[in-house]
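Observations on chain architecture
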Amino acid sequence: MERRNFLTATAAAGALGVTATTVAGTPASAGGRGRGVQTGLDVLVASRFAVLAGQRVGVISNPTGVDSDYRHLVDLMHESGRVQLTAAFGPEHGFRGSAQAGGSEGTGTDARTGVTVYDAYGASQAKWAELITRADVDTVVFDIQDVGARFYTYIWTMYDSMVAAARLGRRYVVLDRPNPIGGRAYGPMMTAPYTSGVGKKEIVQQHGMTVGELARFFNGEFLPAEAGRPVDLHVVTCRHWKRDRLAAETGVPWVMPSPNMPTVDTALVYPGTGLFEGVASITEGRGTSRPFELIGGLATDFDYHWSDRLNARNLPGVRFREAYFSPTSAGQKPQLLNKLCAGVEVKVVDPARYDPIRTAVAMLVEARKYPAFAWRADTWDAVRPYWIDKLTGSTRLRTMIDAGADVADVVGAWSTELTAFNRQRAPYLLY
C-alpha cells in the first residue's frame, strides 16, 4: 500500500471514455478468498487522496461511506488536510442517516466537520446541476454502498448526478464497493414505459454490478444521449474482490444503507422480496427485525399452507419457515400496521444456489391463490397504477401470474433479454 501513484486499469476502459484507477502494481481483481477486500475508499486513503489533488470536492455519501475502520469518507478528507472539501450532498435518509424512509436531513452545516451539507433527496437532474453549481465544486465524489437491486434508489442518485456533472463539465469520481450479493445478473429488464424513481433506465432487476461498473455502463450507454456527452469519469476500484464473493466473505464493514436494510442477509433476499412492495395485501416485513425476510398478510387471510406449498417446490438454496408477526411500520399499507400477520420467513441455506427473483416469483404464484391477495394500485398514477409493474419493468409478470402461469413460464419469459443484458454490460465490468 506504500505506492501511491494511480494507473488506468485497462486500455479498454480508456476506449470507453472512462478511467478505472487502482494502486500501482496491484490489479483490482488480484487476490484470493483468504485476502480481505479493500474498497475504493481504502485505496483512495492509501494513495493519500492523490486522484483528488487540486480539486474542489463535493461528496455524495451516507453512513455507508466508511473505510475498514468505520471512519467516514468526509471525516477522513477533513482530517487529512489534503482535500479541498467544499460540500457534502445528502440522499434519501440523509448524509448522516438520521432520516427514515422518504425523508431527508435538510440543508445545513455538518457538526463534525463544518462542511455545508446540501439536501439532495429526490433531486432531479436540474436540481443536481443547481446544487453542484451552488457548491462550486470541480469534482463530485460518490461513495454509497449499493445492494444490487434496480429498485434500490441510490444508483439513480448516482445516475442523475452524473448527468448533471456531464452537462456542467465537472469531473465524477466513484469510490467502488463490492456488490454484496455478487456479480451475477438476474431478472426482467426495465422497459421505457415503466421507468420511474425505482428504475430510471433499462437495466435488469438484479444487475450484478458494482456501483463503479454501473457508472461505466451508464456513462457508455445512456449519458451521451441524455447529457449530450459522457462525464469525465474515474472509478477507484476495489482490491481483491471477485464476482462470486458475497458480502460475508469480503471482510468489508457492513453499515445499514437504509433503516430497512439492517444486514447482509436482507440484501441477499431484497432483489426478490422487494417485489412485495407491489402487493397491497401483504407486508414485506417493515417494522420487524427481519424486513424483506418476513413476508405475510393478515392472519385471517393467510396461513401455514403458504410455507408448506413453497417448501414442496424444493427451490434451490432456500427454505421457508411458517411465521407470525406484527409489523410496526407498514409503508404504503396502513391496514397491516400492528396487525397479526401470517406468512413465511425466507431462510437462505445455500447462497451460491439461491436465486432471489425466482424465489419471489414462486412466493407470488402461491400467494396469488389466496382470495385476499391484491396488487397495490396507486391512485396518483392513473395510466400506470400498479406498483409491481414499476418494480418489474413492465406489465408482464403481473399479467402472467394473474393468468395462472407457473414459475418456470414467468422466469423463462425474460431469458432472452437477460442474455442480451449480460452481453451489453460485459465491456464495462472491472472484476
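Preceding this paragraph is the structure being described.
Quick summary incoming for the structure in this document.

Definitions and cut-offs
- For every chain, the first residue of the written sequence is number 1, and numbering continues from 1 onward in sequence order.
- Reporting of local features is limited, given that this is a predicted model, to residues whose pLDDT is at least 70; pairs of side-chain atoms are given and counted only at 80 or more, and all residues count toward the totals for whole chains, interfaces and linings.
- To obtain the side-chain values, all non-hydrogen atoms of the structure were included, while hydrogens and water were left out.
- Starting at the N terminus, helices and strands are each numbered in turn, a helix being any DSSP run of H or I of at least four residues and a strand any DSSP run of E of at least two.
- Burial here depends on accessible area, computed with a 1.4 Å probe over protein chains only, as a share of the maximum for the residue type. Under 20% is buried, over 50% is exposed, and the range in between is partly exposed.
- Residues are treated as being in contact if the distance between any of their heavy atoms lies within 4.5 Å.
- Computed with the Shrake-Rupley method and a 1.4 Å probe, the accessible areas treat only the protein chains shown as cover for residues.
- Every angle, taken between N-to-C directions, lies between 0 and 180 degrees, and every axis is a line fitted to C-alpha atoms, over only the stretch in contact when it is a helix.
- Roughly parallel means an angle under 35 degrees; roughly antiparallel, over 145; roughly perpendicular, 65 to 115; everything else is oblique.
- What makes a crossing left-handed is the near helix being turned counterclockwise from the far one by less than a right angle; a clockwise turn instead makes it right-handed.
- All amino acids are sorted into three groups, where Ala, Val, Leu, Ile, Met, Phe, Trp, Tyr, Cys and Pro are nonpolar, Asp, Glu, Lys and Arg are charged, and the leftover types, Gly among them, are polar.
- Strand pairing requires that DSSP identify at least two bridges connecting the strands.
- With a 1 Å grid spanning the protein atoms alone, the term cavity applies to any set of points in which a 1.4 Å probe fits but cannot get out, the term pocket to an open set with protein on both sides within 12 Å along at least five of seven lines, and the term lining residue to any residue with an atom within 4 Å of a point.
- Grid points are joined across faces, edges and corners, and a volume is the space filled by probe spheres set on the points.
- Nonpolar side chains (Val, Leu, Ile, Met, Phe, Trp, Tyr) within 5 Å and like charges within 9 Å form the patches, drawn only from residues with over 30% relative accessible area and no salt bridge.
- Within this document, salt bridges are pairs made up of a side-chain nitrogen of Lys or Arg and a carboxyl oxygen of Asp or Glu, the two lying within 4 Å of each other.
- Orienting the strands away from the viewer, one traces the path from the first strand over the helix to the second; a clockwise path indicates a right-handed crossover.
- Working definition: rings of Phe, Tyr and Trp (its six-membered ring) pair if their centres are within 6.5 Å, and the pair is stacked with planes under 30 degrees apart, edge-to-face with planes over 60 apart, and tilted otherwise.
- Put simply, a charge is over a ring when the Lys NZ or the Arg CZ is close to the ring centre, within 6 Å, and near the line of the ring normal, within 35 degrees.
- Directions drawn from the helix axis to the C-beta atoms are what define this arc.

With respect to the overall build of the protein
The number of helices and strands found in the protein is 14 helices and 14 strands. Going through the 431 residues of the protein one by one, you find that 58% of them count as buried. For the protein, long-range pairs separated by at least 24 residues make up 73% of all intrachain contacts whose partners lie at least 6 apart in sequence. Here the protein displays about 15900 Å² of accessible surface, and carbon together with sulfur accounts for 50% of that area.

Notes on the packing of helix 4 (residues 125–135) against helix 5 (residues 154–168)
It is at 8 Å that the axes of helix 4 and helix 5 come closest, and there the two elements cross at 60 degrees. Accordingly, the angle class assigned to the pair helix 4 and helix 5 is oblique. The two elements helix 4 and helix 5 meet at a crossing, and its hand is right-handed. Only T157, Y159, D160, S161, V163, A164, A165, R167 and L168 of helix 5 make contact with helix 4, whose side of the interface consists of Q125, W128, A129, I132 and T133. The residue makeup of the contact of helix 4 with helix 5, split by class, is 8 nonpolar, 4 polar and 2 charged.

Concerning the sheet that holds strand 13 (residues 318–325)
Strand order in the open sheet formed by 3 strands is 12-14-13, and the pairing between neighbours is antiparallel. Lying at the two open borders of the sheet, with one neighbouring strand each, are strand 12 (294–298) and strand 13. Ignoring which end each strand starts from, the neighbouring axes of this sheet average 25 degrees apart. Note: strand 13 against strand 14 (residues 341–348), 8 bridges, orientation antiparallel. Paired with F325 across the strands is C341, a residue of strand 14. Running over the sheet, helix 10 (residues 356–367) touches strand 12, strand 13 and strand 14 and is turned about 50 degrees from strand 13.

Observations concerning empty space enclosed by the protein
Counted by the stated rule, this structure contains 4 cavities of 30 Å³ or more. Each pocket or cavity is described by its volume, and for the largest cavity that value is around 80 Å³. Forming the boundary of the largest cavity are Q145, P178, P180, A247, T250, V252, P253 and W254. Grouping the amino acids of the lining of the largest cavity by side-chain chemistry returns 6 nonpolar, 2 polar and no charged.

Here's the deal with a nonpolar patch on the surface
Where nonpolar side chains cluster on the molecular surface, the patch consists of Y304, Y324 and L340 and spans about 320 Å² of accessible area. Positionally, Y304 belongs in the loop between strand 12 and helix 9 (305–312).

A short note on the pattern of salt bridges
One pass over the full model with this rule turns up 26 salt bridges. Where D143 meets R177, a salt bridge forms, and the shortest distance between an N and an O atom there is 2.6 Å. Taken together, the residues D143 in strand 7 (residues 139–143) and R177 in the loop between strand 8 (171–175) and strand 9 (186–189) connect sequence positions 34 residues apart. Comparing D143 with R177, the two get one shared label, buried. Two residues, R368 and D402, come together in a salt bridge whose shortest N-O distance is 2.7 Å. Taken together, the positions of R368 in the loop between helix 10 and helix 11 (387–392) and D402 in helix 12 (residues 396–402) put the pair 34 residues apart, joining distant regions of the chain.

Quick look at the pairing of strand 8
Burial within strand 8 is extensive, with 5 of its 5 residues counted as buried. Both strand 7 and strand 8 contribute to a ladder of 4 bridges, which runs parallel. By the bridge assignment, V141 is partnered in strand 8 with V173. Once you follow strand 7 into helix 5 and on to strand 8, the crossover reads as right-handed. Pairing of strand 8 with strand 11 (residues 232–236), which is carried by 5 bridges, proceeds in the parallel orientation. Paired with V173 across the strands is H234, a residue of strand 11.

A closer look at the packing of aromatic side chains
Ring pairs (aromatic) are described by centroid distance and by the angle formed between their planes. Applying the stated criterion across every chain, the model contains 20 aromatic pairs. Taking the centre distance of 5.4 Å and the plane angle of 65 degrees together, the rings of F89 and W128 count as edge-to-face. In this pair, F89 is assigned in strand 4 (residues 84–90) and W128 in helix 4, connecting sequence segments 39 residues apart. In terms of burial, F89 and W128 fall into one category: buried. Of the aromatic side chains, those joined through ring pairs into one cluster are W156, Y159, F217, F218, F222, F421 and Y428. The lysine or arginine in question, K201, covers the ring of F222, its NZ or CZ lying 5.1 Å from the ring centre. When the ring centre of Y370 is taken as reference, the NZ or CZ atom of R309 above it lies at 5.7 Å.

Re the packing of helix 5 against helix 6 (residues 211–221)
Helix-helix packing is characterised by the crossing angle of the two axes and by the distance between the axes. The interhelical angle for the contact between helix 5 and helix 6, taken along N-to-C directions, is 40 degrees, at an axis separation of 11 Å. By the angle between their directions, the pair helix 5 and helix 6 is classed as oblique. As for the relative orientation of helix 5 and helix 6, their crossing is right-handed in sense. Contact residues: helix 5 offers I155, W156, M158, Y159 and M162, while helix 6 offers V211, L214, A215, F218 and N219. Within the contact of helix 5 with helix 6, the residues separate by chemical class into 9 nonpolar, 1 polar and no charged.

A look at helix 9
Those residues of helix 9 lying buried are W306, S307, L310 and N311. Here the buried residues of helix 9 occupy an arc of 125 degrees about the axis, which is enough to place them on one side. Summarising the contacts, the buried residues of helix 9 are in contact with strand 12, strand 13, strand 14 and helix 10. Just beyond helix 9, the residue with positive phi is N314, at close to 55 degrees.

Remarks on the environment of G106
With respect to the element layout, G106 can be found in the loop between strand 4 and strand 5 (108–109). Since its relative accessible area comes to 25%, G106 is described here as partly exposed. Sequence spacing of G106 and G94 is 12 residues, and the spatial spacing of their C-alpha atoms is 7.7 Å. In this structure G106 touches V117 and D119, once residues within four positions along its chain are discounted.

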